[in-house]
Amino acid sequence: MTPTITVFERSPDGGKGLARDMRVRWALEEIGQPYDVRLVSFAAMKQPAHLALHPFGQIPTYEEGDLALFESGAIVLHLAERHAGLLPGDANARARAIAWMFAAVNTVEPPILELVTVRILEGDKPWAGERLPLVLDRIRNRLQQLSARLGDADWLDRAFSAGDLMMVHALLRLRPSGVLDEFPTLAAYVARGEARPAYKRAFAAQLAVATGAA
Ligand code: GTB
């Protein structure tokens, strides 16, 4: 059965692959699973039909038969558990890869999202100038720790896994700020993710939506 995912009809990033449907597209490409895409406008996301799929009125969602999922991490984990290629076979290595998925969304991504908040949503507040360096410090602290753990390895725990997929995409959100480039180990890690053929196919597919070529 071909699954269907929802994505922005018009992504605010203009096709830079920063919206979270990119994680799901990338995972689907890694496992070689074809998928359909339903474009959703911001208005439609808040309508009952979409809210029935996603309680918070967001993208991405995932439908496969009578299963409907939201949360990019949950969708990627669902795919990784049912198909080869995104989680190791060894039970302990599998558990560690899942831990890295949680680390991506629960430990590394939150300060990165704070940066988006302080720059875009709170940029006009009188205290934004004072908050910005605090947020940048929190990000740099996390990146320092992550970079130290990665060391000179290609991936976080030997072979590429769903943990790397989630981590690379969380880090990508930082690229426009220039902060990622302060950590060459992590910049190279992200570049390795982007160089994967599955990432490239996923990126091209979301870009085609943004440019109207899809
Ligand atoms: N925790 C959820 C998940 O991982 O799936 C978060 C989902 C989420 O934040 N969805 C966003 C959304 O639907 C799109 S990805 N927003 C619409 C709304 O809330 O009304 C976040 C995002 C948006 C825009 C950019 N960008 O322009 O660069 C990047 C990422």
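In this text the structure is predicted, and so the values were computed from the model without any measurement.

Draft legend 1. Inspection of the packing of helix 1 (residues 21-31) against helix 9 (residues 197-211) at higher detail. Where helix 1 meets helix 9, the closest approach of the two axes is 8 Å, and the angle between their N-to-C directions is 135°. In this view, helix 1 runs oblique relative to helix 9, as classed from their interaxial angle. Pair helix 1 / helix 9 crosses with right-handed handedness. In this structure, helix 1 uses D21, M22, R25, W26, E29 and E30 to contact helix 9, whose residues at the interface are A198, Y199, R201, A202, F203, A205, Q206 and V209. The residue inventory of the contact of helix 1 with helix 9, partitioned by class, reads 8 nonpolar, 1 polar and 5 charged.

Draft legend 2. Region of the structure containing the sheet that holds strand 4 (residues 67-70). Spatially, 4 strands are ordered 2-1-3-4 in an open sheet, and the strand pairing comes out mixed. Of all the strands in the sheet, just strand 2 (36-40) and strand 4 have a single pairing partner and so form its edges. Pairs of neighbouring strands in the sheet enclose a mean axial angle of 25°, with direction left out of account. Where helix 1 meets the sheet, its contacts fall on strand 1 (4-8), strand 2 and strand 3 (61-64), and the angle it forms with strand 1 comes to roughly 145°. Sheet contacts for helix 4 (residues 72-82): strand 3 and strand 4; angle to strand 4, the most-contacted strand, approximately 130°.

Draft legend 3. Representation of the site of the ligand within the structure. With respect to spatial proximity, 15 residues lie near the ligand, and among them R20, K46, I59, E71 and S72 are the closest. Contact between the ligand and R20: an oxygen atom at 2.8 Å from a side-chain N or O atom of the residue. Taking S72, its side chain carries an N or O atom lying 2.7 Å from an oxygen atom of the ligand. Judged by its atoms lying within 2 Å of the grid points, the ligand is housed in the largest pocket.

Draft legend 4. Representation of the environment of E71 within the structure. Tracing the sequence through the fold places E71 in the loop between strand 4 and helix 4. The class of E71 is partly exposed, set by a relative accessible area of 43%. E71 sits 36 residues away from T107 along the chain, and the two C-alpha atoms are 16 Å apart.

Draft legend 5. Representation of the nonpolar core in the model. Within the largest apolar cluster, 57 residues are counted, with the highest numbers of intra-cluster contacts made by M167, L171 and Y189. Secondary structure elements with two or more residues in this core: strand 1, helix 1, helix 4, helix 5 (91-121), helix 6 (128-150), helix 7 (162-172), helix 8 (184-195) and helix 9. What Y189 contacts, discounting residues up to four positions off in sequence, is L150, D154, W155, L156, D164, M167, V168 and L171. Grouped together as the second largest cluster of nonpolar side chains are 5 residues, F8, A19, V40 and I59 included.

Draft legend 6. Fine view of the packing of aromatic side chains. For the structure shown, the criterion picks out 7 aromatic pairs. Ring pairs connect the aromatic residues W26, W155, F160, Y189, Y199 and F203, which therefore count as one cluster. Positioned above the aromatic ring of W155 is the side chain of R192, whose terminal nitrogen or guanidinium carbon lies 5.9 Å from the ring centre. The ring of F160 is capped by R196, whose NZ or CZ atom sits 3.7 Å from the centre of that ring.

Draft legend 7. Molecular detail of the layout of surface pockets. In this structure, the largest pocket occupies an estimated 1,100 Å³ of space. Looking at the lining of the largest pocket, the elements with two or more residues in it are helix 2 (42-45), helix 4 and helix 5. For the lining of the largest pocket, the residue count by class is 22 nonpolar, 8 polar and 9 charged.

Cut-offs and rules
- Residues numbered from 1 in each chain as written.
- Predicted model: local features only at pLDDT ≥ 70, side-chain atom pairs only at ≥ 80, totals over all residues.
- Heavy atoms only, no water.
- Axes fitted to C-alpha atoms, helices over the stretch in contact; angles between N-to-C directions.
- Helix = DSSP H or I, 4+ residues; strand = E, 2+ residues; numbered from the N terminus.
- Parallel < 35°, antiparallel > 145°, perpendicular 65-115°, else oblique.
- Left-handed = near helix turned anticlockwise from the far one by under 90°.
- Contact = heavy atoms within 4.5 Å.
- Nonpolar A, V, L, I, M, F, W, Y, C, P; charged D, E, K, R; others polar.
- Pairing = 2+ DSSP bridges.
- Near = heavy atom within 4 Å.
- Polar contact = N/O pair within 3.5 Å; in protein donor to acceptor, adjacent residues only side chain to side chain.
- 1 Å grid on protein atoms, 1.4 Å probe; cavity = no way out; pocket = protein on both sides within 12 Å on 5 of 7 lines; lining within 4 Å.
- Sits in = over half its atoms within 2 Å of the grid points.
- Buried < 20%, exposed > 50% of the residue type's maximum accessible area, 1.4 Å probe, protein only.
- Core = buried A, V, L, I, M, F, W, Y, C linked by side-chain atoms within 4.5 Å.
- Phe/Tyr/Trp six-rings, centres within 6.5 Å; stacked < 30°, edge-to-face > 60°.
- Lys NZ or Arg CZ within 6 Å of the ring centre and 35° of its normal.
- Points joined across faces, edges and corners; volume = space filled by probe spheres on them.

No statement about biological role is implied by the geometric values presented.
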